[in-house]
Amino acid sequence: MMFIIIGITLCLPSAGYLIVENVRQISTKIQHEAEISIFLKKDISQDQIDFIDSALKSSPEITKIHFEPKLVAWEKLQSKLKLSTLDIGISENPLPHGFFITLNTLSKEKINRLTEDLKLINGIDNIVIDGSWIKKLRAIIYMIKVGLLSLGSLLVIVLIVIISNTIRLQTLTYQNEILVSKLIGATNSFIHRPFIYTGLIYGLGGGVITVSILKGMVIAFNNLAERYEYILGNTIVLVGLSATDYLIILLSAMLIGLFSSFFSARQSIKKLENLY
Amino acid sequence: MIKFEKVFKKYPGEMDALQDINLEISSGELVFVTGPSGAGKSTLLKLISAVEKPTNGSIIFENTNLSELRNKDMPFLRRKFGMIFQDHKLLYDRNCFENVVLPLEINDINPTDSARRVRAALNKVGLLNKEKMNPITLSGGEQQRLAIARAIVSRPSILIADEPTGNLDKGYADEIMNIFYSFQQVGVTVIVSCHELPKSPIKFKQIHLNKGQISNSDSHVPLLS
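So, here's what we can say about the structure.

Scoring rules and cut-offs
- Residues numbered from 1 in each chain as written.
- Chains lettered and ligands numbered in written order.
- Predicted model: local features only at pLDDT ≥ 70, side-chain atom pairs only at ≥ 80, totals over all residues.
- Heavy atoms only, no water.
- Core = buried A, V, L, I, M, F, W, Y, C linked by side-chain atoms within 4.5 Å.
- Buried < 20%, exposed > 50% of the residue type's maximum accessible area, 1.4 Å probe, protein only.
- Helix = DSSP H or I, 4+ residues; strand = E, 2+ residues; numbered from the N terminus.
- Contact = heavy atoms within 4.5 Å.
- Salt bridge = Lys/Arg side-chain N within 4 Å of Asp/Glu carboxyl O.
- Polar contact = N/O pair within 3.5 Å; in protein donor to acceptor, adjacent residues only side chain to side chain.
- Nonpolar A, V, L, I, M, F, W, Y, C, P; charged D, E, K, R; others polar.
- Phe/Tyr/Trp six-rings, centres within 6.5 Å; stacked < 30°, edge-to-face > 60°.
- Pairing = 2+ DSSP bridges.
- Axes fitted to C-alpha atoms, helices over the stretch in contact; angles between N-to-C directions.

## Overview of the nonpolar core
Counting residues in each nonpolar core, the largest one holds 36 residues, and the members touching the most others are Ile148(B), Leu159(B) and Phe180(B). Residue assignment for this core shows that the elements contributing at least two residues are strand S3 (30-34), helix H3 (96-106), helix H4 (111-124), helix H5 (140-152), strand S7 (158-162), helix H6 (170-185) and strand S8 (189-194) of chain B. In contact with Ile148(B), other than residues within four places in its own chain, are Ile84(B), Val125(B), Ile176(B), Ile179(B), Phe180(B) and Phe183(B). Leu183(A), Ala39(B), Leu45(B) and Leu77(B) belong to the second-largest nonpolar core, a separate cluster that totals 32 residues.

## Considering the interface of chain A and chain B
Listed as interface residues are 13 residues of chain A and, on the opposing side, 17 residues of chain B. Here Glu177(A) makes a salt bridge to Arg94(B), at a shortest N to O gap of 2.3 Å. Linking chain A with chain B are 3 residue pairs in polar contact (both at pLDDT 80 or more), by the criterion used here. Per element, the largest residue contribution to the side of chain A that touches chain B is 6 residues, and it comes from helix H7 (residues 175-183) of chain A. Residues belonging to the side of chain A that touches chain B are distributed by class as follows: 7 nonpolar, 4 polar and 2 charged.

## Some remarks on the packing of aromatic side chains
Residues and elements named next belong to chain A. Counting across every chain of the model gives 8 aromatic pairs over all chains. On the numbers, 6.2 Å between centres and 85° between planes, the contact of phenylalanine 39 with phenylalanine 100 is edge-to-face. Highlighted residues: phenylalanine 39 in strand S1 (residues 35-40) and phenylalanine 100 in strand S3 (residues 98-103), separated in sequence by 61 residues. A relative accessible area of 25% places phenylalanine 39 in the partly exposed class. Here phenylalanine 100 falls in the buried class, since its relative accessible area comes to 18%.

## Examining the sheet that holds S1(A)
All names here are of chain A. The 4 strands lie next to each other as S2-S3-S1-S4, forming an open sheet whose pairing is antiparallel. What marks the edges here is a single partner per strand, and that holds for strand S2 (62-68) and strand S4 (124-129). Strand-to-strand, the axes of this sheet are offset by a mean angle of 20°, without reference to chain direction. Here S1 runs beside S4; their pairing, made up of 5 bridges, is antiparallel. Its bridge partner being in S4, serine 37 is matched across the sheet by valine 128. Relative to S4, helix H5 (residues 108-119) is tilted by about 165°, and along the sheet it contacts S1, S2, S3 and S4.

Geometric descriptors of this kind do not, in isolation, establish any biological role.
Rendered as structure tokens:
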């Protein structure tokens, strides 16, 4: 019973961490692929386009440059919307030429400096930073992480209280044994030992249950995602925590068990000493 | 071996349980601590066995002043005593063997030696055939003999028994006292508290307590005045 209580209690923040880690990894991946879209003025000349191209190539922050002429963009849009110019009553291409660049930096300052420099170049009409939503996502993830940490801390306190109380009740159950042992020369460490082992075993058992639940969650989610792949159009894969993370969960659970039982046993046995 | 010098013991909110106690117990002596209920017999035994510390005065045991003993050293001193209580203080969730082996577990004796010593102790008190039984199934006299086996298994130099025959009828009481006499004969110091002085076949010392003080009514008992 105690294993299940500890396992489920630890599972709540750990599962939150698992989800946040997955979202963070996805956001990092997307952010690395984030682009800045540079839309050029409609009346721009080829010389100006070449100048902008060379200017972009000389920038150390830019890793990839893709130029999309307005005609190509227009054709793409039409094919995507499955419309012809006649259907929408537009005879002239409304789209501008565009450069789509990928950056090698995530620094807000560097990106701002680059966009400010680009704005100064003649022929550039508008610059859109496509990755701004990712920054918002990152901020949200950070806030969720802080929330999870607070929740985790509260749940650790709950666990300490539960384990301490269980150990306290056990010391009462073994009151006679403790008193007799003390009278015939048992040291405090001899008397504390079984209670500390109990706390450690509670922690270990609870930790194993937490790790099992997390692993089960990942497998179940991935099976489900695979089944609904045809609806979602893409496979969403939930990546499990690393071996180190699982080890940290296990060790944390054992430490919580150890400290709770040690302090609880010490306090309870101190009170029993008055019953000689 | 044990020396009390101007020892006082007072419990919070109560009168002095012991007042101005001066006594000396030599190695290998048989000592009866007698007196009516509330005279301070149990307190005296608790002070001897380092279960409690005196409020004033000093208790010297083998050149160690028990009053100055640090709390963490107390358990190691207690291991030198074999304690027997009126209510036996047996553990009823363990069998006889497991009850007797407890002091050896505390002393970290290896299991093979422990088993041998437990069986020897059970044999000494005549309970070898009952080692697997739960103490609750034993008679009062057998339970007290089991408590004696637990007290002697770690081969203490002093046996301290607090009214060991208080709840027993005469036959069982004599049986228990004979066990104590046999230990005294092999050099163990035996200190027994009781209401009335038993008829001892061997030489003994009597410490008679009354209202927390040593009464001098038994003049033949050699006391440190």
